[in-house]
Amino acid sequence: MVEPCRTSCRLSTLVLVLLVAGAMSGAATARHSSRPNENVETGVLRSSSSNYSSVASSSSEEGDHPNEQAVDDPEKVASMVDMIIKNSTERRNLGFFSCGTGNPIDDCWRCDPNWHLNRRRLADCGIGFGRNAIGGRDGRFYVVTDPGDDDPVNPRPGTLRHAVIQEEPLWIMFKRDMVIQLKQELIMNSFKTIDGRGSNVHIANGACITIQFVTNVIIHGLHIHDCKPTGNAMVRSSTTHYGWRTMADGDAVSIFGSSHIWVDHNSLSNCADGLVDAVMGSTAITVSNNYFTHHNEVMLLGHSDSYTRDKLMQVTIAYNHFGEGLIQRMPRCRHGYFHVVNNDYTHWEMYAIGGSAEPTINSQGNRYAAPVNPFAKEVTKRVDTSQSRWKSWNWRSEGDLLLNGAYFTPSGAGASGSYARASSLGAKSSSMVGTITSGAGALPCHPNRAC
């Protein structure tokens, strides 16, 4: 009776051995991919072309040469994001290094004193509609050593511009503190992370960041301020293409026709136009843990009332601090679905959240402190729209803390399927907002200690 068991037992043992070996191999691979000194390139990548001057160009607009990662079907992206959120209640172990702050992004990585040895872990800590933005997680490290931007068509190896135009995934970090004054827009390629942790990096007093017709970009840990309109110039967008750029508005971060974008832990202020603008079919975006100050029109989400492709836009605004010197658009929405969750609004002069063209706005667990001005107590503003039209729009306030006379004017029929498409994570209690947002903005991170 023992003999028949031998074959099956041996097979079971073999399977078990293979599973254990596979797990050990996977763990070793994971450890190997997390080593910061593995495949690090300082300035130049071996796989990149060194002769940019031989690349032919045309004088056509960059938009005539859309990147292959462009959002051709924003509906597909939006429905995919919905499916992922619906089918996965806990995609990642966000509490592995938990500090107990209640901020799931920060609790995922900030308490690890070896964060600098595990930089790519950040890509697994995203939340909200942009939670699948992996940036350069699967690529090599690129160390920026040169703050210069002398030639936007032929950038020097070691510069930030040289890094972001590469075709391959890259995790971009900085060798030292630096101020980068860009001559023209910094046009990003797909699958890039700009990671300012460990250095004091300012992009300031010139052009700033453009994310156009690409996917999977993470912008983290930067000071971006005093951005100015630039353009009417040739600018490189990849190793194989440069083209004529008309005048840019002067946004800190401009997201145009792109998907899977995460803007996290940046300090943004005082730019010519918006601080974060997302338009032209962009979707699957998270704007989190940022510190916004000293600016008029903070955030525009949606191109125009007539651009109906933005109906599929899904954006999460979470854990941000909207601070001193702000006037309006935190955000200003068109069409689309917007989850505004656990943010701290301590200043506005006109209004906090506005919109037109029937957006769905789901405000949960925020803290709204109204200004002293008795005519600016309302959190919400329906822009250039009569009440007979906006009364059917789905805008709700749920668990928000309204201070200093602040009030939120809801609209719509109450419970609606629209809110399912404007929900991207579980809101914490508004009483926790102070703790959750206490580290908003670029962090003063130092190696070998918690950030």
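This structure is a prediction, so every number in the text was calculated from the model and none was measured.

K.L.:
Would you mind going over the sheet that holds strand E7 (residues 201-204) with me for this structure?
P.N.:
Note: strands within a sheet are paired through backbone hydrogen bonds, in either parallel or antiparallel orientation. Within the open sheet, the nine strands sit side by side as E4-E7-E10-E15-E18-E22-E26-E29-E32. Their pairing is parallel. Edge positions in the open sheet fall to strand E4 (178-180) and strand E32 (401-403), since each of these has one partner strand only. Two strands pair when backbone bridges link them, and strand E26 (residues 344-345) and strand E29 (residues 367-369) are joined in this way by two bridges, in the parallel orientation. Paired with tyrosine 345 across the bridge in E29 is tyrosine 368.

K.L.:
Quick question: what am I supposed to make of the nonpolar core here?
P.N.:
Generally speaking, nonpolar side chains in soluble globular proteins are found buried as a group. Of all hydrophobic cores here, the largest spans 65 residues; its most connected members are Leu160, Ile194, Ile211, Phe292 and Tyr368. Other than its neighbours up to four places away in sequence, leucine 160 contacts Val144, Asp146, Ile172, Phe174, Ile180, Leu186, Ile194 and Ile203. Grouped together as the second largest cluster of nonpolar side chains are 23 residues, Ile105, Trp262, Ala318 and Cys451 included.

K.L.:
For this particular structure, what's the right way to read the pairing of strand E28 (residues 360-364)?
P.N.:
Consecutive residues of a regular strand have side chains that alternate between opposite faces of the sheet. By the criterion of burial, E28 is predominantly enclosed, with five of the five residues buried. Pairing of strand E25 (residues 337-341) with E28 involves five bridges; the strand directions are parallel. Within E28, the position partnered with valine 340 by the bridge is serine 363.

K.L.:
What should I look at first to understand the layout of surface pockets in this one?
P.N.:
Gaps left between atoms are located by rolling a probe of water-molecule size over the structure's atoms. Put simply, the largest pocket is a space of about 480 Å³. What lines the largest pocket is a set of 26 residues, and nearest its centre among them are Glu185, Ala248, Asp249, Ser254 and Phe256. Those elements that place two or more of their residues in the lining of the largest pocket are strand E8 (209-212), strand E13 (253-256) and strand E16 (276-279). Ranked by residue count, the leading element in the lining of the largest pocket is E8, at three residues. Here the residues of the lining of the largest pocket are counted per class, giving ten nonpolar, eight polar and eight charged.

K.L.:
Could you clarify how one ought to interpret the environment of arginine 309 in this entry?
P.N.:
Within the element layout of this structure, arginine 309 appears in the loop between strand E20 (299-301) and strand E21 (314-318). Through-space distance from the C-alpha of arginine 309 to that of valine 279 is 9.5 Å; in sequence the pair is 30 residues apart.

K.L.:
Looking at this structure, I do not really get the packing of aromatic side chains. What am I missing?
P.N.:
To describe a pair of aromatic rings, you give the distance between the ring centres and the angle between the ring planes. Enumeration according to the criterion identifies six aromatic pairs in this entry. Ring centres of phenylalanine 292 and phenylalanine 322 lie 5.0 Å apart, and the angle between their planes is 10 degrees; on these two criteria the pair is classed as stacked. Of this pair, phenylalanine 292 sits in strand E18 (residues 291-293) while phenylalanine 322 sits in strand E22 (residues 321-322), and the two are 30 residues apart along the sequence. The class of phenylalanine 292 is buried, set by a relative accessible area of 0%. For phenylalanine 322, a relative accessible area of 0% gives the class buried. For the ring pair phenylalanine 322 and tyrosine 345, a centre distance of 4.5 Å and an interplane angle of 10 degrees mean the geometry is stacked. In this pair, phenylalanine 322 sits in strand E22 while tyrosine 345 sits in strand E26, placing the two residues 23 residues apart along the sequence.

K.L.:
Teacher, can you tell me more about the pairing of strand E11 (residues 233-236) here?
P.N.:
Across four bridges, the pairing between E11 and strand E12 (residues 242-245) is antiparallel. Considered in E12, the bridge of methionine 234 is made with tryptophan 244. The antiparallel pairing of E11 with E12 creates a hairpin that spans five residues between the two strands.

Rules used throughout
- Residues numbered from 1 in each chain as written.
- Predicted model: local features only at pLDDT ≥ 70, side-chain atom pairs only at ≥ 80, totals over all residues.
- Heavy atoms only, no water.
- Pairing = 2+ DSSP bridges.
- Helix = DSSP H or I, 4+ residues; strand = E, 2+ residues; numbered from the N terminus.
- Core = buried A, V, L, I, M, F, W, Y, C linked by side-chain atoms within 4.5 Å.
- Buried < 20%, exposed > 50% of the residue type's maximum accessible area, 1.4 Å probe, protein only.
- Contact = heavy atoms within 4.5 Å.
- 1 Å grid on protein atoms, 1.4 Å probe; cavity = no way out; pocket = protein on both sides within 12 Å on 5 of 7 lines; lining within 4 Å.
- Points joined across faces, edges and corners; volume = space filled by probe spheres on them.
- Nonpolar A, V, L, I, M, F, W, Y, C, P; charged D, E, K, R; others polar.
- Phe/Tyr/Trp six-rings, centres within 6.5 Å; stacked < 30°, edge-to-face > 60°.

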